[in-house]
Amino acid sequence: QVQLVESGGGLVQAGGSLRLSCAASGRTFSGNAMGWFRQAPGKEREVVATRGISLSYYRDSVKGRFTIFRDNVKNTIYLQMDSLKPEDTAVYYCAARSTPYPSRSIHDYQFWGQGTQVTISS
């Protein structure tokens, strides 16, 4: 099984940047599709970005602003967030799936981190 630990959240001004990290341990990291999800107050958890072996997916609202990438040597996945907006405020979760094929559905991911708070001031 896989254990995930997120870090890098915080409070920044609108237009600023943050880089989230997710350190993985347990099963082979390269064999798992990874994703970043977020949940804002009063809203359902939603996909932000996913990363498989070579393909990435981004929801429309973050395209051009967020970048997902992974370092297989360090067993870490990152989410670089630029041009942040107040509507990006949420708890961000790292997730892993037990196949190398990513999914956009939260129900397809078996392993989850504890989450890290991202707050963007207006």
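Now for a description of the structure that goes with this document. The structure displayed is predicted, hence computed values, not measured ones.

1. Side note on the pattern of salt bridges
Phase 1 of the analysis: One pass over the full model with this rule turns up 5 salt bridges.
Phase 2 of the analysis: Asp60 is the salt-bridge partner of Lys63, the closest N and O atoms lying 3.1 Å from each other.
Phase 3 of the analysis: Note on Lys63: relative accessible area 48%, which makes it partly exposed.
Phase 4 of the analysis: Judged by its relative accessible area of 65%, Asp60 falls in the exposed class.
Phase 5 of the analysis: Linking Asp88 and Arg65 is a salt bridge whose minimum nitrogen-to-oxygen distance equals 2.8 Å. You can see Asp88 sitting in the loop between strand S8 (76-81) and strand S9 (90-97) and its partner Arg65 sitting in the loop between strand S6 (56-58) and strand S7 (66-71), a full 23 residues away along the chain.

2. What to know about the state of the cysteines
Phase 1 of the analysis: Applying the stated rule across the entire model yields 1 disulfide.
Phase 2 of the analysis: Bridging Cys22 to Cys94, the disulfide has an S-S length of 2.1 Å. As the torsion about the S-S bond is roughly -80°, the Cys22-Cys94 disulfide counts as left-handed. One end of the pair, Cys22, is in strand S3 (residues 18-26); the other, Cys94, is in strand S9, and 72 residues separate them in sequence.
Phase 3 of the analysis: Judged by relative accessible area, Cys22 falls into the buried class, the value being 0%.

Cut-offs and rules
Residues numbered from 1 in each chain as written. Predicted model: local features only at pLDDT ≥ 70, side-chain atom pairs only at ≥ 80, totals over all residues. Heavy atoms only, no water. Salt bridge = Lys/Arg side-chain N within 4 Å of Asp/Glu carboxyl O. Buried < 20%, exposed > 50% of the residue type's maximum accessible area, 1.4 Å probe, protein only. Helix = DSSP H or I, 4+ residues; strand = E, 2+ residues; numbered from the N terminus. Disulfide = S-S within 2.5 Å.

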